[in-house]
Amino acid sequence: MSNSLFFSGKRVFCSAKIFPYFQNVSQKTVFEIFLWLEFFAADFSNFHCIQPVKIKAKTILKIFSMEKKLHLTCCPFAELSVFELYEILALRQEVFVVEQNCPYQDCDFKDQDSHHLMIRDENEKLVASTRLLPVGLAYPDCPSIGRVVSSPSVRGTGIGKILMEKSIEMVRQLFGNQAIKIGAQTYLLKFYESFGFRSTGEEYLEDGIPHTKMILKS
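Model, not experiment: these values are computed from the prediction.

On to the side chain of R131, then. Position of R131 relative to the elements: it lies in strand 5 (residues 126-133). Residue class for R131 comes out buried when judged on its relative accessible area of 3%. Within polar-contact distance, the side chain of R131 engages the side chain of D108 at 2.6 Å. If sequence neighbours within four positions are ignored, R131 has contacts with R92, D108, K110, D111, S114, H115, H116, S144, I145, G146 and R147.

Encoded structure:
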């Protein structure tokens, strides 16, 4: 069984299980959510129809509410303040070195020629970041997205997906509509595949951690 909501002359079908979550939400907010889903969940074949097996209503509302509170900035290395750089390096060390128990040389002299995308929460705390590398810095023929990191405090909230969507969007703006290559930690292949990245079949160890090269075609 299904129920339907009407707004702006459109009918949005929701399963009986999902419908109650939207009954106490204004029509304007529901409409914004569905427009947002068109961008956020590109794998939906029809964003006017929510399928519970793909995403739960509670998750939709939670992530939508969170994204409205997030503050995103992106700038080249030279425009980072000392405090912003310290925050980025601290977050990367917290996850890549301490959490993953992997002592490695994080400062590889590629940051200086990259753009840095930062996401802050409503309290202005840095909760996620990436670095966006131009053609020739990580790969000779493609730009790249690297140092993809989110704070353990926001895991499971959808920020990782928001981070990658915004990073891909920004790479296109900065470097044009061309293929993007990344070196993904192998256990995250499914995550990156959800954005359209595909494995090139090249697997390797980096600092003792299995990685796979992936490409997102233009």
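Here the focus is the confidence of the model for the protein chain. Overall, the predicted model of the protein chain reaches an average pLDDT of 79, with 69% of residues at or above 70. Every residue in residues 1-19 is under pLDDT 50, and counting partners more than four places away or in other chains gives 43 contacts.

Attention now goes to the pairing of strand 6 (residues 144-150). The side chains of a regular strand alternate between both faces of the sheet. Of all seven residues in strand 6, six are buried, a share of seventy percent or more. One ladder, built from five bridges, connects strand 5 with strand 6; its direction is antiparallel. Bridged to R131 within strand 6 is G146.

Definitions and limits used
- Note on numbering: residues in each chain are counted from 1, in written sequence order.
- Only residues with pLDDT of 70 or above have their local features reported here, since the model is predicted, and side-chain atom pairs are shown and tallied only from 80 upward, although totals for entire chains, interfaces and linings are computed over all residues.
- Water and hydrogen atoms were dropped before computing side-chain values, which therefore reflect all heavy atoms in the structure.
- Secondary structure elements follow DSSP: runs of H or I of four or more residues count as helices, runs of E of two or more count as strands, with numbering from the N terminus.
- Working definition: with a 1.4 Å probe on protein chains only, accessible area under 20% of the residue-type maximum means buried, over 50% means exposed, and in between means partly exposed.
- Here a polar contact means two N or O atoms within 3.5 Å. Within protein one must be a hydrogen donor candidate and the other an acceptor candidate, and residues neighboring in sequence count only if both atoms are side-chain atoms.
- Whether two residues touch is decided by their heavy atoms; if any such pair falls within 4.5 Å, the residues are in contact.
- Predictor confidence is given residue by residue as pLDDT, running from a minimum of 0 to a maximum of 100.
- Strand pairing is assigned whenever DSSP detects at least two bridges linking the two strands.

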